[in-house]
Amino acid sequence: MSENALSVWSVKYGERVVRKSDVFHDYASYGLPDGDLDMDYNFWVVRDGETVMLVDTGYDIPKRDWLGEISVTPTPRGLEILGIDPAEVSMVVTSHYHYDHIGYLGLFTNAKVVSGRAEHDYWFAKEAADELDGEFSTPDDLAAVHRAEEEGRLILVDEPTEVYPGITVYPVGGHCPGELLTRIDTASGGIILTVDAAHFYEQIEHEWPFFAFTDLDEMKAGLSFINELAKQTGATVVPGHDGRTRDRFPAAPGAAGEIATVLA
Ligand SMILES: [Zn+2]
């Protein structure tokens, strides 16, 4: 474990309610009753003293509510409440390039951007072939990645990589070709942010695939890997979109408590 006392907050910018049968792949085969799940839309803030880093950035829901997402606190306002100047964010890890994860990436003009090489190559190939219609990423989303690349701020990883002391990213496929899991060393034993490699707690507990995937076998392998990594490191696994995270961890202090949860 690193000597850094890294803190990790999750910040909720949007929400919607989903049915289990809509989000878990082949849910009927489990023979369980259906039910609602609170689906949160988050980004994550990692602090090391004065250094501020993010995992993902959220997106502008009112501009385009793809699936009926409801805006809670747009990212720029959320950053303001948290006292974060986007120009001072030093690194953004992109879990993957779906709209709800990199929509506001362009705000962070000085940040190193860390992405999975497989994710980058997949979406840039689709864009070059003019195949983004109806996809989970748009030319607008990818423009911020292009800019980071042109400015020499883009770091592409294709194997487990410590991108900052105490922050390690692990590429996994499944939901998309190059998702990054982020493991953060903390005073409380570490946090694994699965983001969309596991949206909900059930997916970790039972290794249930999500309905949206580019490769089902890779997704299953990714879920096993998450549990293996947790076992090896003793870190706590935090799924990317599960509203119950807010019941399991305390709210942030002060005004930030309305949107932010302290994971470590
Ligand atoms: Zn997502």
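Refer to the preceding data block for the structure.
The structure presented is a predicted model; accordingly, all values stated were derived computationally and were not measured. (Residues numbered from 1 in each chain as written. Predicted model: local features only at pLDDT ≥ 70, side-chain atom pairs only at ≥ 80, totals over all residues. Heavy atoms only, no water.)

Caption draft 1: Inspection of the coordination of the zinc ion at higher detail. Within the protein, the atoms that donate to the zinc ion are Asp-100 (OD), His-101 (NE2), Asp-196 (OD) and His-241 (NE2), at distances of 2.1 to 2.5 Å. We note that the donor set of the zinc ion lies within a single chain, spaced as D-H-x94-D-x44-H. Of this pair, His-101 sits in helix α3 (residues 99-102) while His-241 sits in the loop between β12 (236-239) and α8 (245-248); the two residues are 140 residues apart in sequence, bridging distant segments of the chain. Judged on exposure class, the residue His-101 and its partner His-241 are both buried. (Donors = N, O, S within 2.8 Å, 3.2 Å for Na, K, Ca; no water. Helix = DSSP H or I, 4+ residues; strand = E, 2+ residues; numbered from the N terminus. Buried < 20%, exposed > 50% of the residue type's maximum accessible area, 1.4 Å probe, protein only.)

Caption draft 2: Fine view of the pairing of strand β11 (residues 191-195). For β11, the buried fraction is high: five of the five residues fall into the buried class. By the alternation rule, side chains of β11 split into Ile-191, Leu-193 and Val-195 and Ile-192 and Thr-194, which are all buried. Where strand β10 (residues 179-184) lies against β11, three bridges are found, and the strand directions are antiparallel. For Ile-184, the partnering residue across the bridge sits in β11 and is Ile-191. Here β10 folds back onto β11 in antiparallel fashion, the turn holding six residues, of which Gly-189 has a positive phi close to 105°. Relative to β12, β11 runs parallel, the two sharing four bridges. Residue pairing for β12: Val-195 is matched across the bridge by Pro-239. (Pairing = 2+ DSSP bridges.)

Caption draft 3: Representation of the environment of His-199 within the structure. Looking at where His-199 falls in the secondary structure, it is placed in the loop between β11 and α6 (201-205). In this structure His-199 comes out as buried when scored by relative accessible area, which is 2%. Sequence-distant contacts of His-199, defined by excluding residues within four places in its chain, comprise Met-39, His-175, Phe-210, Pro-239, Gly-240, His-241 and Asp-242. A polar contact of 3.4 Å, which involves the side chain of His-199, links it to the side chain of Asp-196. (Contact = heavy atoms within 4.5 Å. Polar contact = N/O pair within 3.5 Å; in protein donor to acceptor, adjacent residues only side chain to side chain.)

Caption draft 4: Broad picture of the sheet that holds β10. The strand order β8-β9-β10-β11-β12 describes an open sheet built from five strands, whose pairing is mixed. On the outer flanks of this sheet lie β8 (161-164) and β12, each paired with one strand and no other. Taken over all neighbouring pairs, the strand axes of this sheet differ in orientation by 30° on average, direction set aside. Helix α7 (residues 216-233) contacts β9 (167-172), β10, β11 and β12 of the sheet and is inclined by roughly 170° relative to β11. (Axes fitted to C-alpha atoms, helices over the stretch in contact; angles between N-to-C directions.)

Caption draft 5: Seen up close, the packing of aromatic side chains. Within the structure shown, the criterion is met by 13 aromatic pairs. Considering the side-chain rings of Tyr-13 and Tyr-59, the 6.1 Å spacing of their centres and the 90° angle between planes classify their relative orientation as edge-to-face. Of this pair, Tyr-13 sits in strand β1 (residues 7-19) while Tyr-59 sits in the loop between β3 (51-55) and β4 (70-71); the two residues are 46 residues apart in sequence, bridging distant segments of the chain. Grouping aromatic residues by their ring pairs yields a cluster made of Tyr-13, Tyr-41, Tyr-59, Trp-66 and Tyr-99. Sitting over the ring of Trp-9, Arg-47 keeps its end group 5.0 Å from the ring centre. Over the ring of Tyr-201 we find Arg-248, and its NZ or CZ is 3.6 Å from the ring centre. (Phe/Tyr/Trp six-rings, centres within 6.5 Å; stacked < 30°, edge-to-face > 60°. Lys NZ or Arg CZ within 6 Å of the ring centre and 35° of its normal.)

Caption draft 6: View of the nonpolar core. Ranked by internal contacts, the top residues of the largest apolar core, which has 60 residues, are Trp-9, Val-45, Leu-82, Val-89, Tyr-97 and Phe-200. Ignoring sequence-local partners within four residues, the contact set of Leu-82 consists of Trp-9, Val-11, Val-45, Arg-47, Ala-256, Ile-259 and Ala-260. (Core = buried A, V, L, I, M, F, W, Y, C linked by side-chain atoms within 4.5 Å.)

Caption draft 7: Seen up close, the environment of Val-238. Here Val-238 lies in strand β12. For the pair formed by Val-238 and Ile-226, sequence separation is twelve residues and the distance between their alpha carbons is 10 Å. Residues contacting Val-238, with those up to four places away along its chain left out, are Ile-191, Ile-192, Leu-193, Thr-194, Val-195, Thr-245, Phe-249 and Leu-263.

Caption draft 8: Expanded view of unusual backbone geometry. Here Asp-56, not a glycine, exhibits a phi torsion of approximately 70°, which is positive. Here Val-195, not a glycine, exhibits a phi torsion of approximately 45°, which is positive. Here Val-195 shows up in strand β11. The exposure class assigned to Val-195 is buried, which follows from its relative accessible area of 1%.

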